[in-house]
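# Structure at a glance
Chain residues, written in single-letter form:
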Amino acid sequence: QVQLVESGGGLVQAGGSLRLSCADSGGTFSNFAMGWLRQPPGKEFEVVAGITWNGGNTYYADSVKGRFTISRDNVKNTVYLQMNSLQPEDTAVYYCAADGRTMFPGWAPTRVDGYNNWGQGTQVTVSS
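Summarised in this report is the structure supplied together with it. (Residues numbered from 1 in each chain as written. Predicted model: local features only at pLDDT ≥ 70, side-chain atom pairs only at ≥ 80, totals over all residues. Heavy atoms only, no water.)

The phi dihedral of Ser-85 falls on the positive side, at around 50°, and the residue is not glycine. Note that Ser-85 resides in the loop between strand 8 (78–83) and strand 9 (92–103). Using a relative accessible area of 36% as the deciding quantity, one classes Ser-85 as partly exposed. Even without a glycine there, the phi angle at Phe-104 is positive, about 50°. As for its position among the elements, Phe-104 is in the loop between strand 9 and strand 10 (117–118). With relative accessibility at 44%, the residue Phe-104 sits in the partly exposed group. (Helix = DSSP H or I, 4+ residues; strand = E, 2+ residues; numbered from the N terminus. Buried < 20%, exposed > 50% of the residue type's maximum accessible area, 1.4 Å probe, protein only.)

Below, the structure is given as structure tokens:
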């Protein structure tokens, strides 16, 4: 069972960068695909990025391609989201999540319901 804790959110000006981290204390992190999801104010959840258990495949929403990079360190049990060229529309609560139902998958879920273990979220606010 993964137990996820995010960090790294905050307030940044448009064009700036932030790096989110998500650490797992459950001990089975390396078996599962991981993702970063977000919920903008008043909007639905969306999958921003996903990564397979070994980092071999990644997924990005069209809105963040070329600006965000997901990566993972299975020794540190941590997944990262490097966010560059941030825009006000990136303002949201960001969650890391695991697909704890599928071990060693060849792809990361691209749907919100593909993730069943979530962290508590971290706020990212981008000012114009």
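This part covers the environment of Asp-24. Position of Asp-24 among the secondary structure elements: in strand 3 (residues 18–24). Here the alpha-carbon distance between Asp-24 and Ser-63, two residues 39 residues apart in the chain, equals 27 Å. In this view, Asp-24 contacts Gln-1, Val-2, Gln-3, Leu-4, Phe-29 and Asn-77; residues no more than four positions away in its chain are not counted. A polar atom in the side chain of Asp-24 sits 2.6 Å from the backbone nitrogen of Gln-3. (Contact = heavy atoms within 4.5 Å. Polar contact = N/O pair within 3.5 Å; in protein donor to acceptor, adjacent residues only side chain to side chain.)

Another point: the nonpolar core. Ranked by internal contacts, the top residues of the largest apolar core, which has 28 residues, are Trp-36, Phe-68, Ile-70, Val-79, Leu-81, Met-83 and Tyr-94. Elements with a minimum of two residues in this core: strand 3, strand 4 (32–39), strand 5 (46–51), strand 7 (68–73), strand 8, strand 9 and strand 11 (122–127). Sorting elements by how many residues they give to this core places strand 9 first, with 4 residues. For Phe-68, the residues in contact, after removing those within four places along its chain, are Arg-38, Val-48, Tyr-60, Leu-81, Gln-82, Met-83, Asn-84, Leu-86, Asp-90 and Tyr-94. The next biggest cluster of nonpolar side chains, apart from the first, holds 6 residues, and it includes Ala-33, Leu-37, Ala-97 and Ala-108. (Core = buried A, V, L, I, M, F, W, Y, C linked by side-chain atoms within 4.5 Å.)

Residues of strand 7 alternate between two faces, with Phe-68, Ile-70 and Arg-72 buried on one and Thr-69, Ser-71 and Asp-73 left unburied on the opposite face. Direction of pairing for strand 7 relative to strand 8: antiparallel, over a ladder of 6 bridges. Residue Phe-68 lies in a different strand from strand 8, and its bridge partner there is Met-83. What sits between the antiparallel neighbours strand 7 and strand 8 is a turn of 4 residues, in which Asn-77 has the positive phi angle 55°. (Pairing = 2+ DSSP bridges.)

The next thing to look at is the packing of aromatic side chains. The final tally for this structure, using the stated rule, is 4 aromatic pairs. Pairing Tyr-95 with Trp-118 gives two aromatic rings, centres 5.6 Å apart and planes at 65°, and the pair type is edge-to-face. Linking Tyr-95 in strand 9 with Trp-118 in strand 10, this pair joins segments that are 23 residues apart in sequence. A connected cluster of aromatic rings, assembled from ring pairs, spans Phe-45, Tyr-95 and Trp-118. Cation over ring: Arg-19 sits above Tyr-80, and NZ or CZ is 4.0 Å from the ring centre. Looking at Arg-72, its charged tip hangs above the ring of Phe-29, at a distance of 4.4 Å from the centre. (Phe/Tyr/Trp six-rings, centres within 6.5 Å; stacked < 30°, edge-to-face > 60°. Lys NZ or Arg CZ within 6 Å of the ring centre and 35° of its normal.)

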